[in-house]
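# Structural features, examined
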Amino acid sequence: MEVGGLPVELWQLILSYLHLPDLGRCSSVCRAWRELVLSLDRTHWRQLCLGCLEHRHPNWPNQPGVEPRSWREAFKQHYLASKTWTKNTQDLDSSNCLSLFRRRKGQRRLCVGTGGEFGSLRAALAAASPYDRLVLLPGLHEEQGEVLLKVPVELVGQGRLGDAVLMASIDQHCPTARLCNVVLMPARFTSLLYKTASGYVQFDNCSFESGQLQIHAPGTCQVKFCTFSQSSIHLRSVGLSVLENCEFTGSENASVTVEGCPSSDHNWACKHLARLAKSCTASAREPEPAGCPVAKQDGCRESLLGPVRTCEIVIGEERSSFLSAAGAQALLGSAQEDTESRENLRAAKEEEYPALESNSSDSDVRSDDEEDAHAAYKLPGQAHSHTLTHSRLESNRLHAVQRDLKIKSLQQELQQDKEAQSLANSLQGCIIRQCLFRDGKGGIFIYSRGQAKLEGNIFRDLTYAVRCIQNSKVIMLRNDIHHCKASGIFLRLSAGGLIADNNIHSNCEAGVDIRKGANPLVLCNKIHSGLRSGIVVVGNGKGIIRSNQIYGNKEAGIYILYNGNPAVSGNRIFQGLAAGIAVNENGRGHITGNVICENQWGGADIRHGGDPVLRNNLISCGYSDGVVVGERGKGLIEGNAIYGNKGCGVWMMSSSLPHLINNQISHNSIYGVAVFCRKDNAGDFPPGQGASESFQEERDGAGGENDPDSEEEYPAARRPISVALVELNSINHNGAAGLHVKSSEALNVVANVIQANGAGGVAVAQSSRLTRIAKNRIARNGRGGVLVEAECQVELRGNGIYENSSHGVVSKGEGVIAENDIVGNRRCGLRLLRAADMKVTKNRIQSFRDYGIAVFDEAKGLVQENLIFQGRSKKSILRPMSDAEDCIIQNNVLLTFRKRFDVECMLIDPPARPHIEGGDPGSCVVAGGQRVSSITTRVDGGCHNHGSIFCTVL
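Residues numbered from 1 in each chain as written. Predicted model: local features only at pLDDT ≥ 70, side-chain atom pairs only at ≥ 80, totals over all residues. Heavy atoms only, no water.

## Some points on the overall build of the protein chain
To be explicit about the condition: A run of H or I in DSSP counts as a helix once it spans at least four residues, and a run of E counts as a strand once it spans at least two, with each numbered from the N terminus. We call a residue buried when its accessible area falls under 20% of the maximum for its residue type, exposed when it is over 50%, and partly exposed in between, using a 1.4 Å probe and counting protein chains only. Residues count as neighbours in contact if any of their non-hydrogen atoms are within 4.5 Å of one another. Method for areas: the Shrake-Rupley scheme with a 1.4 Å probe, in which residue coverage is limited to the protein chains shown.
Within the protein chain, the secondary structure is distributed over 16 helices and 75 strands. Counting every position in the protein chain, which comprises 954 residues, the buried fraction comes to 59%. Of the contacts formed within the protein chain by residues at least 6 apart in sequence, a portion of 55% connects residues at least 24 apart. When the accessible surface of the protein chain is split by element, carbon and sulfur atoms take 48% of a total near 37,200 Å².

## Description of the packing of helix α1 (residues 8-15) against helix α3 (residues 31-38)
As a reminder of what qualifies: The axes are straight lines fitted to the C-alpha atoms, using for helices just the contacting stretch, and the angles between their N-to-C directions are given from 0 to 180°. Angular relationships are summarised with four words: roughly parallel below 35 degrees, roughly antiparallel beyond 145, roughly perpendicular across 65 to 115, and oblique for the angles in between. Classification convention: Asp, Glu, Lys, Arg as charged; Ala, Val, Leu, Ile, Met, Phe, Trp, Tyr, Cys, Pro as nonpolar; all other residues, Gly among them, as polar.
At a closest axis distance of 10 Å, the pairing of α1 and α3 adopts a crossing angle of 70°. The angle between α1 and α3 falls in the class roughly perpendicular. Of the residues in α3, those touching α1 at Val8, Trp11 and Leu15 are Trp33, Leu36 and Val37. Each residue belonging to the contact of α1 with α3 can be placed in one class, and the counts come to six nonpolar, no polar and no charged.

## So, the environment of Leu657
Within the secondary structure layout, Leu657 lies in strand β51 (residues 657-661). In this structure, the C-alpha to C-alpha distance between Leu657 and Leu636, residues 21 residues apart in sequence, is 9.3 Å. Among all residues touching Leu657, those that are not within four sequence positions of it are Gly633, Lys634, Gly635, Ile721, Ser722, Val723 and Ala724.

## A word on the side chain of Ser472
Put simply, the test is: Side-chain atoms alone can form a polar contact between residues adjacent in sequence; in general such a contact is a pair of N or O atoms within 3.5 Å, and within protein one must be able to donate a hydrogen while the other accepts it.
Relative to the assigned elements, Ser472 resides in the loop between β26 (458-468) and β27 (473-477). Ser472 sits in the buried class, given a relative accessible area of 2%. Reaching out from Ser472, the side chain makes a polar contact with the backbone nitrogen of Ser448 at a distance of 3.4 Å.

## Concerning the nonpolar core
Put simply, the test is: By nonpolar core we mean a set of buried residues, namely Ala, Val, Leu, Ile, Met, Phe, Trp, Tyr and Cys, connected to one another through side-chain atoms within 4.5 Å.
Counting residues in hydrophobic clusters, the biggest one holds 128 residues, and the most contacted among them are Leu491 and Ile535. At five residues, the largest contribution of residues to this core is made by β26. When sequence neighbours within four positions are dropped, the list of residues in contact with Leu491 reads Cys468, Val474, Gly496, Ile499, Val512, Asp513, Ile514, Arg515, Ala518 and Pro520. In terms of nonpolar packing, the next biggest core, distinct from the first, is built from 14 residues, Val3, Trp11, Leu23 and Ala74 among them.

## Side note on unusual backbone geometry
Between Trp60 and Pro61 the backbone carries a cis peptide bond, its omega angle lying at 5°. Counting through the fold element by element, Pro61 comes out in the loop between α4 (44-51) and α5 (71-87). In this model, Arg913 is joined to Pro914 through a cis peptide bond whose omega is -5°. For Pro914, the position within the fold is in the loop between α15 (902-906) and α16 (949-953). A positive phi angle, near 65°, is found at Arg449, a position not held by glycine. Inspection of the secondary structure puts Arg449 in the loop between β24 (436-447) and β25 (451-455). Overall, Arg449 belongs to the exposed group, its relative accessible area being 52%. Located in the positive-phi region is Arg478, a residue other than glycine, with phi close to 55°. Inspection of the secondary structure assignment puts Arg478 in the loop between β27 and β28 (480-482).

## Overview of the confidence of the model for the protein chain
Heads up, the condition is: Across the chain, each position has a pLDDT score giving the predictor's confidence in that residue, from 0 to 100.
Residues at a pLDDT of 70 or more form 73% of the protein chain, whose mean pLDDT is 79. Contacts from residues 283-395, a stretch scored under 50 in pLDDT, to residues over four places away or in other chains number 310 contacts. Every residue in residues 916-954 is under pLDDT 50, and counting partners more than four places away or in other chains gives 115 contacts.

## Focus on helix α2 (residues 20-27)
Keep this limit in mind: This arc describes the spread of directions from the helix axis toward the C-beta atoms.
Along α2, the residues that are buried comprise Leu23, Cys26 and Ser27. For α2, the angular spread of the buried residues around the axis is 95°, confining them to a single face. Looking at α2, the residues exposed on the side facing more than 90 degrees away from the buried face are Pro21 and Arg25. Where α2 is buried, its residues meet α1, α3 and α4.

## Describing the packing of α4 against α5
For clarity, the threshold we go by: We call a crossing left-handed when the near helix sits turned anticlockwise from the far one by less than a right angle, and right-handed when that turn is clockwise.
Across the interface, α4 lies against α5 with an axial gap of 8 Å and an inter-helix angle of 30°. Here α4 is positioned roughly parallel relative to α5, judged by the angle of their axes. The handedness of the crossing between α4 and α5 comes out as left-handed. Only Trp71, Arg72, Ala74, Phe75 and His78 of α5 make contact with α4, whose side of the interface consists of Trp45, Arg46, Leu48, Cys49 and Leu50. Looking at the contact of α4 with α5 residue by residue, the class counts come to seven nonpolar, one polar and two charged.

## Here we look at the pairing of strand β8 (residues 176-180)
To be explicit about the condition: Between any two strands, at least two bridges found by DSSP are needed for them to pair.
In terms of burial, β8 is a largely internal element, five of the five residues being buried. Two strands pair when backbone bridges link them, and strand β5 (residues 153-157) and β8 are joined in this way by three bridges, in the parallel orientation. By the bridge assignment, Leu155 is partnered in β8 with Leu179. In terms of strand pairing, β8 meets strand β11 (residues 200-204) through five bridges, oriented parallel. Its bridge partner being in β11, Ala177 is matched across the sheet by Val201.

## Observations concerning the pattern of salt bridges
Quick note on the threshold: Any Lys or Arg side-chain nitrogen found within 4 Å of a carboxyl oxygen on Asp or Glu counts as a salt bridge.
Under the criterion given, the structure shown has 31 salt bridges. Between Lys453 and Glu455 there is a salt bridge, and its shortest N-O distance comes to 4.0 Å. By relative accessible area, Lys453 is classed as buried at 2%. Glu455 sits in the buried class, given a relative accessible area of 2%.

## Points about the packing of aromatic side chains
Definition in use: Pairing of aromatic rings covers Phe, Tyr and Trp, the last counted by its six-membered ring, and requires centre-to-centre distances within 6.5 Å; plane angles under 30 degrees mean stacked, over 60 mean edge-to-face, and any other angle means tilted.
Per the counting criterion, the structure on display carries twelve aromatic pairs. A ring pair is formed by Phe203 and Phe208, whose centres lie 5.2 Å apart and whose planes are at 80°; its orientation type is edge-to-face. Neither Phe203 nor Phe208 differs from the other in exposure class; each is buried. For the ring pair Phe445 and Tyr447, a centre distance of 5.0 Å and an interplane angle of 15° mean the geometry is stacked. With respect to class, Phe445 is no different from Tyr447; both count as buried. Taken together, the ring pairs connect Tyr194, Phe203, Phe208, Phe228, Phe248, Phe437 and Phe459 into an aromatic cluster.

Listed below in structure tokens is the structure:
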């Protein structure tokens, strides 16, 4: 009959009454009939699949509410499961004609139990021929001794799962076997349920209670749609085995144990399992489980030079903004100014520091007559770039960094990383897919060079999900791991592998714990909402941690200590309740190209011997400081953009030895860089840095000097330093001083741009040892350029101190002020107060409306060979002193104001400091700067009694 003769709906109703063989015949009639049979997928095929007692829902146990892509295909796979085990026989190579005499498979059906042909399984096996089907009738079947399978048979329970219960210990000695729809319980004399050391065994829709399966190479197994209650599987050196759609509950130890290197002596069934695994891998990407949080970093994704810089993080429907509109406009203004000034950069010789130029916006504190006077002439310092060639992220570089910091998908990572691609495609050891592990001690334990591949599983309410040790390898793709009582994934003793695209959350310890030489690839995971850290790298642990989203953890997003040395790049670490990245107790690591934002404590926290490389990261919008370098902290902090934090940009202790170079530190609410001498309490950890966690074994063995890994050479650019070094940074638009020093150790501040900060440029409040401030550009700050308090030792040499809103330099301390240009400041160029004892030589000093140099009664020192130029004020160039014996003033050149270009001529030979090599010193091209009328609000009174927010809370 033609299909078009009846409506399609009527055809579908008629076909729904047909049985499976008849449906097969109908689909073979013609293409139109085949399409009709396929159209029954959501109705009749679904009925057939769910109506079979030996089958389960295709997405059981993880997502039984989700429809499969095709019910017909799912039913086909269930149906073929009863056939494939008979095909997995070892072919004899002696003669092909032997296949003609082989016994037909599945020839007889033998019933076991009350009302059956045999009263016991043992009796049925004695009478069975190869490939017979043994049907266990409903009831309890108990065997007193060990049952040996010597011929291939299929053991099937009749009725629903649970009706037929077999209490026995089975040892397989035949090439193949299958068990289906049976509840297996161990015999009274052993806990062993099933064992094979040579053959292939297939379990379908079985239930295992309070026992263990043992599969030894060259034997192998396939386990599908089975339930393990207080039961486990032990795989020893198995070449390839497959566990799919199983449920493991209430295990007292690990539910699955994988031991030993996969055997090269493969069972003949491994080819079948390899084909099965490859066919399923192509469609292994399942939709994300309901309730899995999806994080979107809209704010961090926006370009740094975009129209609005408001650094937002969106999780679900929750949205938070951390910069006001004025702050965003200020950020935009400074970025635009950077673009204008970039064209004026000059090349510098290798032995010299790069060029400086003025591009920052003016302060709003100038009076009208001062504005008019400034309109009459421009300082020659503005003819050159104040931005250091290697000190600021230029506009094109900001774009490049932002582009590189976009988080990559797993597919992109695999395309670029051949090692990760090879691991993701590997098929060895045990393959575990779409299984549920819950309410037990352990999920999967891999040791002694074992190998396992885990895809699409759920691990919940366990002590740990995966434990991989002793040179073993684990490949984990798209698993969900949550609410573990310890760490979710634990790797140690040179373990490795690939951990990618997993959702790891709400665990009581770390999401991923890497220790003792373990070296995994951790890519594209979501690690969040943990009660401790997201990732912990301890005790010489290594690893590559890349393109992950790490957020909402109670402690550090990534915590590195005891010689841990991972490579951390391209991650988004945000909204943590402690630090973004913490490096402690001699931890190391290369931390590059990450977005670290909106964390409660420091974006990066380094202390107690921590010595990382922190390079090219975006550290922004934190509730406290951007980077914290605590007691005995070290490290190379280079090329980072540190902005918009509510504390300081960088907070350092004077007992630390960091190298702070080439960073953009701007728009932070308090100081740009703060150096303090207060010590950490010996036993204290920062909040959320794991003080209560036990790392005793790593602590005892963490001798960095004796560790061969610690002898790794640093990159050539990372030169050893003996004094904390701040160089080649751009420190601007911060709420308080650009640089605040209250130190008990020596400090070198070299070739930085410190400008447009809300308070002074540099404030040295305490300096018992020498603070060297050389070749910096200190300009247009809201107060003075440099303030040196009493009893401080300071060397100011080769700096350009221009157009600050108060005095250029105010000193009450001791030291040297030599070869500086102190020009165009609103108040005095240089003030020596009280107990000051300074040697002031070879400076060029000009004040716009006040004295060039003002020396007060108790000041001491030497003022000689300076060029002092009078500004618009009618005041004298030098303020008179009452006691000339305390301060020697000699051989100074005093010039009065005559015309607008006198100042420019004064700063031509030598050119405006800091010195520019290779440029035209007489050029007067001015980079037009945009006025910034609103700067990020600063906190009056400094940094909470001269301490970090971070440590004040401590």
